[in-house]
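# Topology and contacts: notes
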Amino acid sequence: SFEGRVEVYHDGKWGTICDDQWDDRDAEVVCRQLGLSGNPKALSWAHYGQGSGPILLDEVECSGNELSLDQCKKSDWGQQNCDHIEDAGVSCDPFTDFSSGAQAVPFHPCRVLIFPFPSLAEGTVRLAGGHSPSEGRVEVYYNGDWGTVCDDGWTDLGAQVVCRQLGFR
């Protein structure tokens, strides 16, 4: 999917971003970080539905040239004055025409790991047992150990996400 609510991972939790100051320059950075090259469009007012759990960031102000949200001006973690009705979203879809007034229905939030970690971060993925570095069994680092991913409900969409996390297009 090219669009959805933006969620970030911090301190062991996924959370949303408040849409205060949220604009197309922020969306451009999110799309770049997700490895998507579509037409970046910022969406506000929980366009893709309200999240749950913490609202982790507010007042995000990117110039549009950053490689990740990590490099953008933003509030401190957890410092916000928002409700989930203000959850930020993005569309990176090259085929989206917002002038038509059509409303997209997302299936998954756009989840972005935005801060580098000194050691392996929980949720880091790798491929193991393949014939080349670009194929193999998907493994996830969690709680200090590598584990496999069950294939129940596994689709091409999941594979695309893993490929993007590993830097493939």
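Heads up: the structure comes first, above all this text.
All values derive from a computational prediction rather than experimental measurement. (Residues numbered from 1 in each chain as written. Predicted model: local features only at pLDDT ≥ 70, side-chain atom pairs only at ≥ 80, totals over all residues. Heavy atoms only, no water.)

### Overview of the nonpolar core
So the rule is basically this: Nonpolar core, defined: a set of buried Ala, Val, Leu, Ile, Met, Phe, Trp, Tyr and Cys residues in which side-chain atoms within 4.5 Å join the residues together. Residue burial is assigned from relative accessible area. The probe radius is 1.4 Å, only protein chains are included, and a residue is buried under 20% of its type maximum, exposed over 50%, and partly exposed in between. Per the convention used, a helix needs a DSSP run of H or I reaching at least four residues, while a strand needs a run of E reaching at least two, with both numbered from the N terminus. The contact criterion used throughout is that any non-hydrogen atoms of two residues lie within 4.5 Å.
Within the largest apolar cluster, 20 residues are counted, with the highest numbers of intra-cluster contacts made by Ile-17, Trp-22, Val-30, Val-60, Leu-69 and Val-90. Looking at this core, the elements with two or more residues in it are strand S1 (3–10), helix H1 (24–33) and strand S4 (55–57). Among the elements that take part in this core, H1 stands out by supplying 4 residues, more than any other. Ignoring any residue separated from it by four or fewer positions in sequence, one finds Val-60 in contact with Ile-17, Asp-20, Gln-21, Trp-22, Asp-26, Leu-69, Cys-72, Lys-73 and Lys-74.

### Thoughts on the pattern of salt bridges
For clarity, the threshold we go by: Whenever a carboxyl oxygen of Asp or Glu lies within 4 Å of a side-chain nitrogen of Lys or Arg, that contact is scored as a salt bridge.
Enumeration over the complete set of coordinates arrives at 5 salt bridges. A salt bridge links Arg-32 to Glu-28; its shortest N-O distance comes to 3.3 Å. With Arg-32 and Glu-28 both in helix H1, this residue pair falls 4 residues apart, about one helical turn. Under the relative-accessibility criterion, Arg-32 is labelled partly exposed at 31%. Note that Glu-139 is salt-bridged to Arg-137, the shortest N-O span being 2.9 Å.

All we've got here are geometric facts, nothing functional implied.
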